[in-house]
Structures are given as structure tokens and as C-alpha cells.
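Read off the chains here:
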Amino acid sequence: MKEKIILFFSSLSRMIRGEVSTNYLIKHGLKVGKNFTRQGGCRIDASYPYLIEIGDDVGLSTDVTILAHDNSLKRFIGVEKLGQVKIGSRVMIGAKSLILPNVIIGDNVIIGAGSVVTKNIPSNVVCAGNPARVICSIEDYINKFNKKINDKNLLDRSFSPLNIDDDRKKWSKCYVLLMEVIIAFLSVKIMIYCISYE
């Protein structure tokens, strides 16, 4: 019962933020592989989800947008541009990135936060920027990161979520649930106020 309540309020908070559920998108043609995750604020084109394909082990960070259409010329020539978006397996897309139509992202790719992907990205690379461009190979990036970890002891395991005691885990989940309930309540109040104001 508790899980259903949490699921209900998290779905409600996503709906209030204007997000469309992954299940809805899949029912309308989105193809998604195993272990797909998306954080809050992600927008996957709800108008044309059947043009989007996402592989296995793909993660979308906060506020990522994936578009399969472009309406920029609709007012001028009466048509919109449509294009498929294919995201390979083992891909991580950083926060506030934008993936535009007609883009293929290969396997084993990291896309840096705030990137605008306008062209195809090959496999086994790290890319970032506006427009996104290849920065280095995934192997070079991993080697650089591992060297930094060893040289500067960047990852102190005492701060790992695995080391948080059960009491802290329980309170953090309660806090998140409480915030989502408050946001949902205030959103409903605002909608009622706006309706009654008209």
C-alpha cells in the first residue's frame, strides 16, 4: 500500500510538472530497452514518441529533452520537420541536454550537461557543448577519471549512499514524499484559484 501511495504522488508531481509518463510514451510507440532511467523534468516528445528509440542501460539526467519534431518552419511553409532519434545502449545524457530530431547516438556514450545534440554522435565517445562535439574517447575519459581518483582521493566512500543508516534512509524518503504532497496540494490550490478567478 505504501509503495502505491508513493507511486501515486510521484506520478502526480510529474504530471503537475508537465511530464508524460514513460508507460504512456511506450503505449504510443516509444521503444525503450532494459534498465532505462529518467530523472525529474525530462521531456520525451509526446507528439511523436514512435519516432524515438532508446537502447539498454540508458540514463537521462534532470531536465533532458528529446525531440522528434521541429515546428520552426510551420508558420512559414505549413509543415513541420520530423525525424527519428535513436539512442544506443550504455548512454548517459547529462542534465539540461537537448537532443534534436534526426540524430543517432551510438553505444557507450556520455553527453555532458547542457549539450545540444544536433548531429549524429559515434559510439565510444564523450561529447559536450552547443552544438555538441566529441571531446575524447570513453576510454580516455575513464583513464583520466581513474587517475584523478588515485591522485587526489576524490571519492571518499564514507559519503556513499550505501553507508547511510536505515534511520536516515527512512527520513529522507519521508521528506521527499512530504515535499511531493505539498507541491501537489499547492498546485491544486493554485489551479482552483485560477479557475475561480476567471
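Q: I would appreciate a short explanation of the pattern of salt bridges in the present structure.
A: In this structure the tally under the stated criterion is two salt bridges. For the salt bridge of D63 with K96, the shortest nitrogen-to-oxygen distance reads 3.1 Å. With a gap of 33 residues between them, D63 in the loop between strand 5 (58–60) and strand 6 (65–66) and K96 in the loop between strand 10 (91–93) and strand 11 (98–99) connect regions that are remote in the sequence. The class of D63 is partly exposed, set by a relative accessible area of 32%. By relative accessible area, which is 56% here, K96 ends up exposed. The partner of K81 in a salt bridge is D70, and the shortest N-O contact between them spans 3.2 Å. With K81 in strand 8 (residues 81–82) and D70 in strand 7 (residues 69–70), the pair connects residues that are eleven residues apart, well separated along the chain. K81 gets classed as partly exposed once you look at its relative accessible area, which sits at 43%. A residue is classified by how much of its surface remains accessible, and D70, at 24% relative accessible area, is partly exposed.

Thresholds, definitions, all that
Residues numbered from 1 in each chain as written. Predicted model: local features only at pLDDT ≥ 70, side-chain atom pairs only at ≥ 80, totals over all residues. Heavy atoms only, no water. Salt bridge = Lys/Arg side-chain N within 4 Å of Asp/Glu carboxyl O. Helix = DSSP H or I, 4+ residues; strand = E, 2+ residues; numbered from the N terminus. Buried < 20%, exposed > 50% of the residue type's maximum accessible area, 1.4 Å probe, protein only.

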